[in-house]
Amino acid sequence: NTVPGTVVALFTVRDRDSGANGKISCALEDQLFFSLRPAYKNYYELVTVSALDREETAQYILTVTAADAGSPPLTSTQTFTVDVSDVNDN
């Protein structure tokens, strides 16, 4: 069980281009239980938005899309798996 705002992952993104083509933003696709929070420079935290309970959902498959600020923007996606551990709450 987790409380909202719990950091469950920290990751970095990198684009070797310069200027606008090197500026990156990330977005989390179709997620109600998690959000992305910029941490520092190109680091992002994956945080919980609501409480997680393994008895309701044991695993979440998340897709993050990174896009540069070029014209047209180039994108890349990465899939993450979050396994929820059980807490004896009986």
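See the structure printed just above.
These remarks concern the structure in this document. Nothing here was measured: the structure is a model prediction, and the numbers come from that model.

Comments concerning the sheet that holds strand S3 (residues 34–40)
One open sheet accounts for 3 strands, arranged S1-S4-S3; its pairing is antiparallel. If you trace the sheet from one side to the other, it starts and ends with strand S1 (7–12) and S3, each paired once. Taking the axes of each pair of neighbouring strands and ignoring which way they run, one obtains an average angle of 25° across the sheet. Where S3 and strand S4 (residues 43–48) come together, 6 bridges link them in antiparallel fashion. Considered in S4, the bridge of Tyr 40 is made with Tyr 43.

Notes on the pattern of salt bridges
Within this structure, the stated rule accounts for 1 salt bridge. The closest approach of N and O atoms between Glu 45 and Arg 37, which form a salt bridge, is 2.8 Å. Overall, the relative accessible area of 35% leaves Arg 37 in the partly exposed class.

Notes on the layout of surface pockets
By volume, the largest pocket amounts to about 320 Å³. Looking at the largest pocket, it is lined by 19 residues, and the ones nearest its centre are Val 13, Arg 14, Ile 24, Ala 66 and Ser 76. Elements with a contribution of two residues or more to the lining of the largest pocket: S1, strand S2 (24–28), strand S5 (59–68) and strand S6 (75–83). Here the residues of the lining of the largest pocket sort into 9 nonpolar, 6 polar and 4 charged.

Comments concerning the side chain of Asp 68
Inspection of the secondary structure puts Asp 68 in strand S5. Lys 23 is the oppositely charged side chain nearest to the buried, salt-bridge-free Asp 68, at an N-O distance of 12 Å. Side-chain polar atoms of Asp 68 contact the backbone nitrogen of Gly 70, separated by 3.1 Å. Looking at Asp 68, its side chain comes within polar contact range of the main-chain nitrogen of Leu 74, at 2.9 Å.

Observations regarding a nonpolar patch on the surface
Residues Leu 10, Tyr 40 and Tyr 43 make up a contiguous nonpolar surface patch of roughly 350 Å² in combined accessible area. Tracing the backbone through its elements, the reader meets Leu 10 in strand S1.

Some thoughts on the environment of Thr 77
Structurally, Thr 77 is set in strand S6. Thr 77 has contacts with Glu 29, Thr 63, Val 64 and Thr 65, leaving out every residue within four places of it along the chain.

Some remarks on the sheet that holds S6
Taking strand neighbours across the sheet as the criterion, the 3 strands line up as S2-S5-S6 in an open arrangement whose pairing is antiparallel. Edge positions in the open sheet fall to S2 and S6, since each of these has one partner strand only. Averaged over all neighbouring strand pairs, the angle between strand axes comes to 25°, with direction disregarded. With 9 bridges connecting them, S5 and S6 associate as antiparallel partners. Note that in S6 the partner of Gln 59 across the bridge is Asp 83.

Basis of the calculations
Here the residue numbers are simple positions, counted from 1 along each chain's written sequence. Only residues with pLDDT of 70 or above have their local features reported here, since the model is predicted, and side-chain atom pairs are shown and tallied only from 80 upward, although totals for entire chains, interfaces and linings are computed over all residues. Side-chain numbers come from the whole structure's heavy atoms, not from hydrogens or water. In short, DSSP must find at least two bridges between two strands for them to pair. Working definition: helices are DSSP H or I runs of at least four residues, strands are E runs of at least two. Numbering for both runs from the N terminus. Helix axes are fitted only over the stretch in contact, all axes being lines through C-alpha atoms; the angle between N-to-C directions runs from 0 to 180 degrees. When a carboxyl oxygen of Asp or Glu lies within 4 Å of a side-chain nitrogen of Lys or Arg, that pair is called a salt bridge. Here the term buried applies to any residue with accessible area under 20% of the maximum for its type, exposed to any over 50%, and partly exposed to those in between, with areas from a 1.4 Å probe on protein chains only. Definitions used for this entry: grid spacing 1 Å over protein atoms alone; cavity, a set of points where a 1.4 Å probe fits but cannot get out; pocket, an open set with protein on both sides within 12 Å along at least 5 of 7 lines; lining residue, one with an atom within 4 Å of a point. Grid points are joined across faces, edges and corners, and a volume is the space filled by probe spheres set on the points. When residues are sorted by character, Ala, Val, Leu, Ile, Met, Phe, Trp, Tyr, Cys and Pro go into the nonpolar class, Asp, Glu, Lys and Arg into the charged class, and all the rest, Gly among them, into the polar class. The convention is simple: Lys and Arg are positive, Asp and Glu are negative, and His and the chain ends are not counted. Think of a polar contact as two N or O atoms within 3.5 Å of one another; within protein, one of them needs to be a possible hydrogen donor and the other a possible acceptor, and neighboring residues in sequence only count if both atoms come from side chains. A patch is a set of surface residues, each over 30% in relative accessible area and not in a salt bridge, joined within 9 Å for like charges and within 5 Å for the nonpolar side chains Val, Leu, Ile, Met, Phe, Trp and Tyr. Computed with the Shrake-Rupley method and a 1.4 Å probe, the accessible areas treat only the protein chains shown as cover for residues. Contacts were defined at the residue level, with two residues in contact if any of their heavy atoms lie within 4.5 Å.

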